[in-house]
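Single-letter residue listing:
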Amino acid sequence: MYFNFNSAEPIYLQVAQQIEEAIFTGSYHEGAQVPSTTEISRDFHINPATVLKGMNRLVEAGLIVKKRGIGMFVAEGAHAVIVDRRRKAFYQDKVIQLIKEAKGLQISEGELVDLIKRGF
């Protein structure tokens with residue numbers, strides 16, 4: 001994990017994003033235990049309440065589950081949830097913008113498809 005303490009992005013969001021990325025890439029598999037709030041706060045010198053706030057975002061999103069007295073674990077189906085959300089974001093953030101730019105450059109749908117195939 002890496003945290004940018006000079007970033008405008010709050011640390012608790014960085015905590016949530018780092019754990020989500022680890023789930024997405026398979027570093028934390030479904031059912032696997034994620035590092036505890038104490039471990040992360042100790043290892044990276046982050047306030048435990050800040051770490052917990054980030055982890056609670058993942059609990060609310062259904063990506064991790066708390067097991068009282070044991071720890072936090074990657075929820076079943078978490079990877080699929082992340083992939084689905086990222087696909088939707090990809091469409092909104094990238095594809096729509098690409099189409100808008102292509103229209104501005106007077107690139108036809110067929111030409112755009114050809115360019116994408118060439119890039120693949």
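In this report, the structure presented in the accompanying data block is examined.

What counts as what
Residue numbers run consecutively from 1 along every chain, following the written order of its sequence. Only residues with pLDDT of at least 70 get local features here, since the model is predicted, and only at 80 or more are side-chain atom pairs given and counted; chain-wide, interface and lining totals rely on the full set of residues. The basis for every side-chain value is the complete set of heavy atoms in the structure, and neither hydrogens nor water enter the calculation. Fitting a line to C-alpha atoms yields each axis, with helices limited to the stretch in contact; the angle taken between N-to-C directions then spans 0 to 180 degrees. Only DSSP runs of H or I reaching four residues or more are called helices, and only runs of E reaching two or more are called strands; each is numbered from the N terminus. In these notes the angle categories are as follows: under 35 degrees is roughly parallel, over 145 is roughly antiparallel, 65 to 115 is roughly perpendicular, and the rest is oblique. By convention the crossing between two helices is left-handed if the near helix lies anticlockwise of the far one by an angle smaller than a right angle, and right-handed if it lies clockwise. Contacts between residues were defined by any pair of non-hydrogen atoms, one from each residue, lying within 4.5 Å. All residues other than Ala, Val, Leu, Ile, Met, Phe, Trp, Tyr, Cys, Pro, Asp, Glu, Lys and Arg, Gly among them, are scored as polar; the first ten of these are nonpolar and the last four charged. Only protein chains enter the accessibility calculation, which uses a 1.4 Å probe; a residue is then buried when its area is under 20% of its type maximum, exposed when over 50%, and partly exposed in between. Polar contact is the term for a pair of N or O atoms within 3.5 Å; when the atoms are in protein, one must be able to donate a hydrogen and the other to accept it, and sequence-neighboring residues count only if both atoms are side-chain atoms.

The next point concerns the packing of helix α1 (residues 11-25) against helix α3 (residues 48-60). Following both chains from N to C, one finds α1 and α3 inclined at 50°, their axes separated by 7 Å at the closest point. Taken together, the axis directions place α1 and α3 in an arrangement best described as oblique. Remark: the crossing between α1 and α3 carries right-handed chirality. Taken together, the residues of α3 that come into contact with α1 (itself represented by I11, Y12, L13, V15, A16, I19 and E20) are T50, V51, K53, G54, M55, R57 and L58. For the contact of α1 with α3, the per-class residue count stands at nine nonpolar, two polar and three charged.

This next bit is on the side chain of Q14. With respect to the helices and strands, the residue Q14 is situated in helix α1. Taking the relative accessible area as the measure of exposure, Q14 reaches 6% and is therefore buried. Separated by 2.8 Å, the side chain of Q14 and the backbone nitrogen of N4 make a polar contact. Excluding its chain neighbours within four sequence positions, the residues that come into contact with Q14 are Y2, F3, N4, S7 and E9.

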